[in-house]
Amino acid sequence: MANIHSVKPEDILPDGIDSTILNGRVVRKGSIAAFLANLEILENPNATEQQKQNAIDTMRDLAPAVITIGLHKHVIFKNEQVEKILVDAENN
């Protein structure tokens, strides 16, 4: 059996490094956290329609990184609009 061990954040991006190339795509540190933060804005009842639209636009920009990282292989989002953003990115 191969030597299998857990992967820590510093194994992916060491201190002082802000991005890496995965599957030929540059992925910035914080992409997943930013995607989730924008999901929070989208679902916040106190957010304005403009704030929600800005969050959607940013999530569309981040969707290719989310797909590249592989999160969508393991997670299905309850929010159908967000799930569609990722499915669309995966199919493009």
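In case you missed it, the structure is sitting above this.
Report on the accompanying structure. From a predicted model like this one, the values you see are computed outputs, not experimental measurements.

**Overview of the side chain of S31**
Here is step 1: Along the polypeptide, S31 turns up in helix α2 (residues 31-42).
Here is step 2: Exposure remark for S31: the relative accessible area of 7% places this residue in the buried category.
Here is step 3: Dropping the residues within four chain positions of it, S31 is found in contact with L62 and A65.

**Some thoughts on the environment of H5**
Here is step 1: Among the secondary structure elements, H5 is positioned in the segment before α1 (9-12).
Here is step 2: By relative accessible area, H5 is classed as exposed at 56%.
Here is step 3: Here the alpha-carbon distance between H5 and V26, two residues 21 residues apart in the chain, equals 25 Å.

**As for the pattern of salt bridges**
Here is step 1: For the structure on display, the rule yields three salt bridges.
Here is step 2: A salt bridge links D57 to R60, with the nearest nitrogen and oxygen atoms 3.8 Å apart. With D57 and R60 both in helix α3 (residues 49-69) and three residues apart, the pair spans about one turn of that helix.
Here is step 3: The partner of D88 in a salt bridge is K84, and the shortest N-O contact between them spans 2.8 Å. In this pair, D88 and K84 are both assigned in helix α5 (residues 80-91), four residues apart and thus about one turn of the helix distant.
Here is step 4: Judged by relative accessible area, which is 33%, D88 ranks as partly exposed.

Each value, and the rule that gives it
- The residue numbering used here restarts from 1 in each chain and proceeds along that chain's sequence as written.
- Only residues with pLDDT of 70 or above have their local features reported here, since the model is predicted, and side-chain atom pairs are shown and tallied only from 80 upward, although totals for entire chains, interfaces and linings are computed over all residues.
- Only hydrogens and water are removed before side-chain values are computed, so all heavy atoms of the structure are retained for them.
- Runs of E in the DSSP output that reach at least two residues are strands. Runs of H or I that reach at least four are helices, and both are numbered from the N terminus.
- Burial classification: accessible surface area is computed with a 1.4 Å probe over protein chains only, and a residue below 20% of its type maximum counts as buried, one above 50% as exposed, and the rest as partly exposed.
- Residue contacts are counted whenever heavy atoms from the two residues lie within 4.5 Å of one another.
- For salt bridges, the criterion is a side-chain nitrogen of Lys or Arg within 4 Å of an Asp or Glu carboxyl oxygen.

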